[in-house]
Amino acid sequence: MLFTFGVVPLLLAGCLLQLEAVTWREWLVVPASLVYANLVEYVGHRWPMHRPFPGLGLIYRRHAGQHHRFFTHEAMPIESRRDLRALLFPPILVIFFFGGFAAPVWFLREAFVSANVAWLFVASAIAYYLNYELLHTAYHMPDGHWLGRLGLVRRLCWLHQAHHDPRLMASRNFNITYPLGDWLFGTLHRPRDAATPSGP
Ligand SMILES: [Zn+2]
Ligand SMILES: [Zn+2]
């Protein structure tokens, strides 16, 4: 909790402090980075988190084994503070996503585009990650919690709850935030429009 909601916002502020006289063209990297982050969320969750890949077994066990065994579509809410261990991203996943997908892009942009673009990219990635943790935590809050009652959060929660159904977890709703990747790759499952899934 302290790392996610205490240290991460400081890292975000640190990135923003690096910016100097950003041009409008440089700002364009923000929406592009958010789309990239959404697709990374999709790909990372669809494959290494739900399929055992050589060398990435820890990621698979932590998610498919622990998070999904701990929370099912019928038992979504956390019941005690200890449950947060199964909810928040463990350091191994932070290292996997930021080391594997964010750091190389930052490096390339710093070297070939501009420092502003590189820092805006990392800031977008961190902001996306924070938004992810907030939303995912909201989905697993006890019934009636104010976070889960917000309209958009409730709708997104239904999608994630469907993903926690053991029959759907390996094939549907791999975006945990906004279902852009699921929509693009045809894996979006709206709980009310189909009782049984079809396809892969
Ligand atoms: Zn979940
Ligand atoms: Zn999952």
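Everything below is about the structure printed above this text.
Residues numbered from 1 in each chain as written. Chains lettered and ligands numbered in written order. Predicted model: local features only at pLDDT ≥ 70, side-chain atom pairs only at ≥ 80, totals over all residues. Heavy atoms only, no water.

Trainee: Quick question: what am I supposed to make of the overall build of the chain here?
Mentor: Of regular secondary structure, the chain possesses 10 helices and 0 strands. In sequence order, the secondary structure elements of the chain are arranged as α-α-α-α-α-α-α-α-α-α. Since a compact globule built from 200 residues should have a radius of gyration of about 16 Å, the 17 Å found for the chain is in line with a globular shape. Counting only C-alpha atoms and orienting by the principal axes, one finds that the chain spans roughly 50 × 35 × 35 Å. Put simply, the chain has 200 residues, and 44% of those count as buried. Of all intrachain contacts in the chain linking residues separated by at least 6 positions in sequence, the fraction that spans at least 24 positions is 67%. Separation of charge centres in the chain, based on 17 positive and 12 negative side chains, amounts to 5 Å. (Helix = DSSP H or I, 4+ residues; strand = E, 2+ residues; numbered from the N terminus. Rg over C-alpha atoms; globule rule 2.2 N^0.38 Å. Buried < 20%, exposed > 50% of the residue type's maximum accessible area, 1.4 Å probe, protein only. Contact = heavy atoms within 4.5 Å. Lys, Arg positive; Asp, Glu negative; His and termini not counted. Charge placed at Lys NZ, Arg CZ, Asp CG, Glu CD.)

Trainee: Looking at this model, I keep getting lost on the coordination of the zinc ion (ligand 1). Mind explaining?
Mentor: Ideal values differ by geometry: the angle at a metal is 109.5 degrees with four tetrahedral donors, but 90 or 180 degrees with six octahedral donors. Around the zinc ion (ligand 1), the protein contributes the donor atoms His67 (NE2), His136 (NE2), His140 (NE2), His160 (NE2) and His164 (NE2), at 2.1 to 2.2 Å from the metal centre. Counting residues between consecutive donors of the zinc ion (ligand 1) along the chain gives the motif H-x68-H-x3-H-x19-H-x3-H. With His67 in helix H4 (residues 57-70) and His160 in helix H9 (residues 151-163), the pair connects residues that are 93 residues apart, well separated along the chain. Since its relative accessible area comes to 3%, His67 is described here as buried. A relative accessible area of 1% places His160 in the buried class. (Donors = N, O, S within 2.8 Å, 3.2 Å for Na, K, Ca; no water.)

Trainee: Explain the pattern of salt bridges to me, please; I cannot follow it from the model alone.
Mentor: A side chain with one charge can pair with a side chain of the opposite charge if their charged atoms come near. Under the defined criterion, the tally for this structure stands at 1 salt bridge. Its salt-bridge partner being Asp165, residue Arg167 comes within 2.7 Å of it at the nearest N-O pair. We classify Arg167 as exposed; its relative accessible area is 63%. (Salt bridge = Lys/Arg side-chain N within 4 Å of Asp/Glu carboxyl O.)

Trainee: Would you take a moment to explain the side chain of His68 for this structure?
Mentor: Inspection of the secondary structure puts His68 in helix H4. Only 3.0 Å separates the side chain of His68 from the side chain of His163, close enough to count as a polar contact. Setting aside residues up to four positions removed in sequence, His68 forms contacts with His45, His50, His63, His163, His164 and Met169. (Polar contact = N/O pair within 3.5 Å; in protein donor to acceptor, adjacent residues only side chain to side chain.)

Everything listed is a geometric property; what it means functionally is a separate question.
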